[in-house]
Amino acid sequence: MLEFKNVSTHYGQIQALHDVNMSVSKGEIVSLIGANGAGKTTLLMTLCGDPKASSGEVLFEGKNITRESTHQIMRGDIAIVPEGRRIFSRLTVEENLHMGGFFATKKQVEERIEEVYQLFPRLKERISQRAGTMSGGEQQMLAIGRALMSNPRLLLLDEPSLGLAPIIIQQIFDIIESLRERGMTIFLVEQNANQALRLADRGYVLENGRIVLEDSGDNLLVNEEVRKAYLGA
Amino acid sequence: MSKQVIVNALISAVTFLVLAGWLLGISMQAEPGGVQLVFAEPSHLHWLWGGMAAVFFGQLFFPSQVDKLRHVAQAKKQRFKLPAMDRKGSNLVACFVLAGAIIWPFMVSRGSVDLATLTLIYVMLGLGLNVVVGLAGLLDLGYVGFYAVGAYSYALLAAEGWGFWTCLPIAGAMAALFGFLLGFPVLRLRGDYLAIVTLGFGEIIRLLLNNLTELTGGPNGISGIAKPTLFGLEFNRKLKDGGFDTFHNFFDISYNSQYKVIFLYLMALLLVVLTIIVINRLLRMPIGRAWEALREDEIACRSLGLSPTVVKLSAFTIGAAFAGFAGSFFAARQGFISPESFTFIESAIILAIVVLGGMGSQIGVILAAIMMTVLPELAREFNEYRMLMFGLMMVFMMIWRPQGLLPMSRPHMQLKQEA
């Protein structure tokens, strides 16, 4: 479904990604783990077209999207839950969700909003609350809900566990799991390697802008190097 | 019948007599030797005695009923609360305010109406800039440029013999076009940089007006701009060549220069009301939400597939269009425009109106516009200290109420209740 072919990305003179090759197939959960500054977010952002890849190709369902502008890419079947949630804090929960369904028809929006409320009953309780006044976990739910409003086929999650308590993280990951059961393809970028790999069908390990390991999630969990570097064991 | 009831009835009757006696029983008459207190005529006294009897017998025979009435009143007070002002309520208030604003000019002096018209122009400008600065979060210091474009568009078209109502949308469209053209290259800038570029734009427009002498008359400006008419009826004493008729002649009333002032005021009021309706409508549309979302978080907007340039451009263009409307009305009212009217200080005042009013809040902007135009007029007697006081007031305002007079509370959407 999604494929990176020898993708390199530069910030000015500095090369952040070196010939990255990876792929995500339909219906999979793929986790990308790595230390701070390894290039995880850069990889996601390259997929979204900001910054653009300096060489190589990003293919989505066989279509080359490397040169498309960000809003063109995001208007399609890809949705992202950005790092740090980035909800619209002064808008209400419902308005945030409406923003997610900006390009959908009114009827579609109404249907999808109901689905999101089913998935996150907590959000329904807070319909007219300002998003910024909610707890971190609720905001993360809102960010995911907002991304789902465009009815994407590929959902990108950038550090959904950032700054959340372990019990909330567990809830978020349960939700991600349930999304997979609905047939959503998920690409998860995480520092929380333990959780991310447990959930994932496959995983990639990124180090200094290079993919250094690729394996099934379970195998990576027991991999010596991964355990040493990311799981603290 | 207990003694208690009789005493009660007596006390009530005497109280009635004392209270009503002053009003009905005694009257004052001016006599040669001064004001004299005179007992009222017998007919008045009959009413007084009659009332007293009614109170006395009422208290005597139906004390329980009278008490019940009181209980009903109290019970009502407890059972119902005044309903919170909902949309219906605020609509009602808006209608009253509007009615008041329509009646008002007929009761006050010509100067007040003139000042009010000016205020309404600033309200329109404030509301327009509010879209750009308050909602979309784009700091625009060159707003007066669009105002100027609107004013000159009308002035030039009116010289060709076009009517006001035809020119109004054209002036708005011209200003919007300028907003669009300026917006394209500069809207990739943010914050301070955008402010500087827009500031430059406002100056460029003014300098162009100053120097394109053949077209704009340069520093001399354009004079003799046609006043707006009411369906072709002019408000002058004498009919111009080729005019349809004058207002006072058509309705067969005597000429009064006040009519013109009031007409202009009502027209400004109409334009302001239209502006409010249109902007409110936009706010409830997805595009309005997108403006606010963009102000909140541009990256999130991009992640949702919105093109920030398009969203910003729409806000910039729509804001400019309202400046164009205000400008063309300004030109029509003044009958004379020159680049002097479109200096940077105007931009600053309009921006101050938006900030003082509370970014994004429409009622706040209206209040602030009234304050910003009326206060300097009231303080005229302080002469040169006027602007100093004005500045001080704004400084204190920012210290005590940095969020503005009436910070924005946005219209919330409500879910339809499932049946």
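For clarity, every value in this text was computed on a predicted model and none was experimentally measured. (Residues numbered from 1 in each chain as written. Chains lettered and ligands numbered in written order. Predicted model: local features only at pLDDT ≥ 70, side-chain atom pairs only at ≥ 80, totals over all residues. Heavy atoms only, no water.)

Regarding the overall build of chain A
Thought 1: Counting its regular elements, chain A contains ten helices and ten strands.
Thought 2: Against the compact-globule benchmark of 17 Å for 233 residues, chain A has a radius of gyration of 17 Å, which places it among compact chains.
Thought 3: Across chain A, every contact between residues at least 6 apart in sequence was considered, and the portion connecting residues at least 24 apart equals 65%.
Thought 4: Approximately 9,900 Å² of chain A is accessible, and the part contributed by carbon and sulfur atoms is 46%.
Thought 5: If the 26 positive side-chain charges of chain A are averaged to one point and the 30 negative ones to another, these points end up 5 Å apart. (Helix = DSSP H or I, 4+ residues; strand = E, 2+ residues; numbered from the N terminus. Rg over C-alpha atoms; globule rule 2.2 N^0.38 Å. Contact = heavy atoms within 4.5 Å. Areas by Shrake-Rupley, 256 points an atom, 1.4 Å probe, with all protein chains shown as cover. Lys, Arg positive; Asp, Glu negative; His and termini not counted. Charge placed at Lys NZ, Arg CZ, Asp CG, Glu CD.)

Some words on the sheet that holds strand β4 (residues 55-60) of chain A
For sheets, the rule is that strands pair by backbone hydrogen bonds, running either parallel or antiparallel.
Residues and elements named next belong to chain A.
Thought 1: Strand order in this open sheet of four strands is β2-β1-β4-β5, and the pairing throughout is antiparallel. Because the sheet does not close on itself, it has two edges, and the strands there are β2 (14-24) and β5 (63-64).
Thought 2: Here five bridges tie strand β1 (residues 2-11) to β4, and the two strands are oriented antiparallel to one another. In the strand pairing of β4, F4 is matched with V58.
Thought 3: Strands in contact with helix α1 (residues 40-48) are β1, β2 and β4; relative to β1, the strand with the most contacts, it is inclined by about 110°. (Pairing = 2+ DSSP bridges. Axes fitted to C-alpha atoms, helices over the stretch in contact; angles between N-to-C directions.)

Regarding the nonpolar core
For soluble globular proteins, nonpolar side chains are generally found buried alongside one another.
Thought 1: Ranked by internal contacts, the top residues of the largest apolar core, which has 97 residues, are L125, F146, I337 and F342 of chain B.
Thought 2: With 14 residues, helix α5 (residues 110-135) of chain B is the single largest residue contributor to this core.
Thought 3: Residues within four places of I337 of chain B in sequence aside, it is in contact with A151, Y152, A155, G221, I222, I225, F330, A331 and F342 of chain B.
Thought 4: F120, A143, A147 and I172 of chain A belong to the second largest nonpolar core, which has 47 residues in total. (Core = buried A, V, L, I, M, F, W, Y, C linked by side-chain atoms within 4.5 Å. Buried < 20%, exposed > 50% of the residue type's maximum accessible area, 1.4 Å probe, protein only.)

Quick word on the packing of helix α7 (residues 164-186) of chain B against helix α8 (residues 191-211) of chain B
All names here are of chain B.
Thought 1: Two elements in contact, α7 and α8, have axes whose closest approach is 11 Å; the angle formed by their N-to-C orientations is 140°. Of the two elements, α7 crosses α8, and the hand of that crossing is right-handed. Contacts between α7 and α8 involve F178, L182 and V186 on the former and, on the latter, L194, V197, T198, F201 and I205.
Thought 2: Among the residues forming the contact of α7 with α8, the class breakdown is seven nonpolar, one polar and no charged. (Left-handed = near helix turned anticlockwise from the far one by under 90°. Nonpolar A, V, L, I, M, F, W, Y, C, P; charged D, E, K, R; others polar.)

Observations regarding the packing of helix α11 (residues 257-284) of chain B against helix α12 (residues 286-296) of chain B
Residue and element names in this part refer to chain B.
Thought 1: Contact pair α11 / α12: the axes reach a minimum separation of 4 Å and the direction vectors enclose 75°. Considered as vectors, α11 and α12 are oriented roughly perpendicular to each other. Residue-level inspection shows L282, L283 and R284 of α11 in contact with α12, the latter providing P286, I287, G288, R289, W291 and E292.
Thought 2: Broken down by class, the residue content of the contact of α11 with α12 amounts to five nonpolar, one polar and three charged. (Parallel < 35°, antiparallel > 145°, perpendicular 65-115°, else oblique.)

Quick look at the packing of aromatic side chains
All names here are of chain B.
Thought 1: The tally for this structure, following the rule as stated, stands at 16 aromatic pairs over all chains.
Thought 2: With centroids separated by 6.0 Å and ring planes inclined at 45°, the aromatic side chains of W104 and Y265 adopt a geometry described as tilted. Placement of W104 in the loop between α4 (87-103) and α5 and of Y265 in helix α11 is noted, with a sequence separation of 161 residues between them.
Thought 3: By relative accessible area, Y265 is classed as buried at 5%.
Thought 4: Residues F322 and F325 carry aromatic rings whose centres are separated by 5.9 Å and whose planes lie at 70° to one another, so their mutual orientation is edge-to-face. In this pair, F322 and F325 are both assigned in helix α14 (residues 308-334), three residues apart and thus about one turn of the helix distant.
Thought 5: A relative accessible area of 6% places F322 in the buried class. (Phe/Tyr/Trp six-rings, centres within 6.5 Å; stacked < 30°, edge-to-face > 60°.)

Quick word on the domain arrangement of chain B
A common way to express how large an interface is: the accessible area buried when the components associate.
Thought 1: Each assigned domain of chain B is listed with its residue range as follows: domain 1 (3-77) and domain 2 (89-400).
Thought 2: Of note, the centres of domain 1 of chain B and domain 2 of chain B, computed from C-alpha atoms alone, are 60 Å apart. (Domains from an automatic or database assignment.)

Overview of the interface of chain A and chain B
Thought 1: Each partner contributes residues to the interface: chain A has 26 residues there, and chain B has 26 residues.
Thought 2: Summed over both partners, the interface of chain A with chain B buries about 2,500 Å², with 58% contributed by carbon and sulfur atoms.
Thought 3: Seen at the junction of chain A and chain B, the total is three salt bridges.
Thought 4: Notably, a salt bridge pairs R86 of chain A with D297 of chain B, separated by 3.0 Å at the nearest N-O pair.
Thought 5: The tally of links from chain A across to chain B stands at five residue pairs in polar contact (both at pLDDT 80 or more). (Buried area = accessible area lost by both parts, 1.4 Å probe. Salt bridge = Lys/Arg side-chain N within 4 Å of Asp/Glu carboxyl O. Polar contact = N/O pair within 3.5 Å; in protein donor to acceptor, adjacent residues only side chain to side chain.)

Comments concerning the pattern of salt bridges
Thought 1: According to the stated counting rule, one finds 20 salt bridges over all chains in the structure shown.
Thought 2: Between R180 of chain A and D201 of chain A there is a salt bridge; the shortest N-O distance is 2.8 Å. Taken together, the residues span a long stretch of sequence, with R180 of chain A in helix α7 (residues 166-181) and D201 of chain A in the loop between α8 (193-199) and β9 (202-207) at a distance of 21 residues.
Thought 3: The exposure class of D201 of chain A is partly exposed, given its relative accessible area of 30%.
Thought 4: With its nearest N and O atoms 2.9 Å apart, the salt bridge here joins R206 of chain B to E203 of chain B. Here R206 of chain B pairs with E203 of chain B, and both are found in helix α8, just three residues apart, close to one helical turn.
Thought 5: Relative accessible area serves as the criterion here: at 17%, R206 of chain B is assigned to the buried category.

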